[in-house]
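Secondary and tertiary structure notes
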Amino acid sequence: MAPPARLKILCAFGKHQYGDPARGIGTEYAAFIPALRRLGHEVVHFESWNRVCHRDFGALNRALLGTVIRERPDLLLTVPMHYEIWIETLEIIREMGNVATVSWTTDDSWKYPEVSRFIGRAYDAMTTTYPEVVPRYLRDGIPNILLTQWAANASFLAPPLPASRCRFLVSFVGAAYGSRPRWIRELGRRGIPVRCFGHGWPEGSVEAREIPEIMRQSVISLNFSNSRRGHQVKARTFEVPGGFDNDNVK
């Protein structure tokens, strides 16, 4: 069997969580960039979330078009935060005829009616991690939908530590927003102290390489995958039971 083709992939999304360097490296950057490189592809990153990098959205889209023309990628992979990449920009890229476009959508439990259904036709392929949303794509005339899911990187997995060797009884890694602070306070009131790491907690944000060690060195590592409209399956769902080996995280 012939080896898979080596592609040049332009990844357009944030390097940091929500485009804010103070929040640490984002899941998308930490997951996609090294995974694609390990598969043998050439990867170029374009920052599309950090508002400091571009004067306005017009400048962002001009810069993205300039990067596509200069780098001549085979594939443009985006993770939209909202509407920062314009449909008109995607249409211009499509007219070039030699760049496939794929959008990885992470929050279709609430983002489908607000974002995905409007941008779906502008991409060669859309992805979703929600099986129940696939019929909505098809209903709205977006047949280029692929059902996928988050995962844990198999090369980073490690056996779990015994409880006697763990540093934390209960930990949580994630931003302090929504109902999370109330849940943590309630656990503390019931005699279950939780060490919390992330934006908005006293411990603050931690580097991506520290997260696997915190999870592995916890007897219990919580995962509050809540959104505006119910619960979600996120990468953390797979990473927490995976017992990541911090020595392999770069």
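Relevant structure appears above.
Anyway, here's the lowdown on the structure attached to this text. Source: prediction; values computed, not measured.

Rules behind the numbers
- Residues numbered from 1 in each chain as written.
- Predicted model: local features only at pLDDT ≥ 70, side-chain atom pairs only at ≥ 80, totals over all residues.
- Heavy atoms only, no water.
- Pairing = 2+ DSSP bridges.
- Helix = DSSP H or I, 4+ residues; strand = E, 2+ residues; numbered from the N terminus.
- Axes fitted to C-alpha atoms, helices over the stretch in contact; angles between N-to-C directions.
- Core = buried A, V, L, I, M, F, W, Y, C linked by side-chain atoms within 4.5 Å.
- Buried < 20%, exposed > 50% of the residue type's maximum accessible area, 1.4 Å probe, protein only.
- Contact = heavy atoms within 4.5 Å.
- Salt bridge = Lys/Arg side-chain N within 4 Å of Asp/Glu carboxyl O.

Things to note about the sheet that holds strand 2 (residues 42-47)
Read across the sheet, 6 strands follow the order 2-1-3-4-5-6 without closing on themselves; strand pairing throughout is parallel. The open sheet has two free edges, formed respectively by strand 2 and strand 6 (145-147), since each of these has just one partner strand. Between one strand axis and the next, the sheet turns by 20 degrees as a mean value, whatever way the strands run. In terms of strand pairing, strand 3 (residues 75-78) meets strand 4 (residues 100-104) through 4 bridges, oriented parallel.

Overview of the nonpolar core
With 25 residues, the main nonpolar core has Leu-10, Leu-64, Leu-76 and Tyr-137 as its most contacted residues. When contributions to this core are tallied by element, the ones reaching two or more residues are strand 1 (8-13), strand 2, helix 2 (57-71), helix 3 (87-96), helix 4 (108-119) and helix 5 (134-139). Per element, the largest residue contribution to this core is 4 residues, and it comes from helix 2. The contacts of Leu-64, once residues within four sequence positions are left out, are Leu-10, Ala-12, Phe-46, Leu-76, Ile-85 and Thr-89. Val-43, Leu-75, Val-79 and Trp-150 belong to the second largest nonpolar core, which has 17 residues in total.

Quick notes on the environment of Ile-92
Summarising the element assignment, Ile-92 is placed in helix 3. Relative accessible area serves as the criterion here: at 40%, Ile-92 is assigned to the partly exposed category. Between the C-alpha atoms of Ile-92 and Lys-111, which are 19 residues apart in sequence, the distance is 24 Å.

A short note on the sheet that holds strand 8 (residues 195-197)
Read from one edge to the other, the open sheet built from 3 strands follows the order 8-7-9, with strand pairing classed as parallel. The sheet terminates laterally at strand 8 and strand 9 (218-222), the two strands that pair on one side only. Across the sheet, the mean angle from the axis of one strand to that of its neighbour is 25 degrees, orientation sign disregarded. Of the strand pairs in this sheet, strand 7 (residues 168-173) and strand 8 are connected by 3 bridges, and their pairing is parallel. Along strand 8, the bridge assignment pairs Val-173 with Phe-197.

What about unusual backbone geometry?
For Tyr-18, which is not a glycine, the phi torsion comes out positive at approximately 55 degrees. Summarising the element assignment, Tyr-18 is placed in the loop between strand 1 and helix 1 (27-38).

So, the environment of Glu-42
Structurally, Glu-42 is set in strand 2. The partly exposed category is assigned to Glu-42, whose relative accessible area is 31%. Counting along the chain gives 73 residues from Glu-42 to Val-115, while the straight-line C-alpha distance between them is 29 Å. Other than its neighbours up to four places away in sequence, Glu-42 contacts Arg-6, Leu-7, Lys-8 and Ile-9.

Description of the pattern of salt bridges
Inspection of the entire model under this criterion finds 10 salt bridges. Across the salt bridge formed by Glu-71 and Arg-70, the nearest N and O atoms sit 3.7 Å from each other. Glu-186 is the partner of Arg-189 in a salt bridge, and the nearest nitrogen-oxygen pair spans 2.6 Å. Here Arg-189 and its partner Glu-186 are both found in helix 6 (residues 180-189), 3 residues apart, which amounts to about one turn of the helix. Judged by its relative accessible area of 62%, Arg-189 falls in the exposed class.

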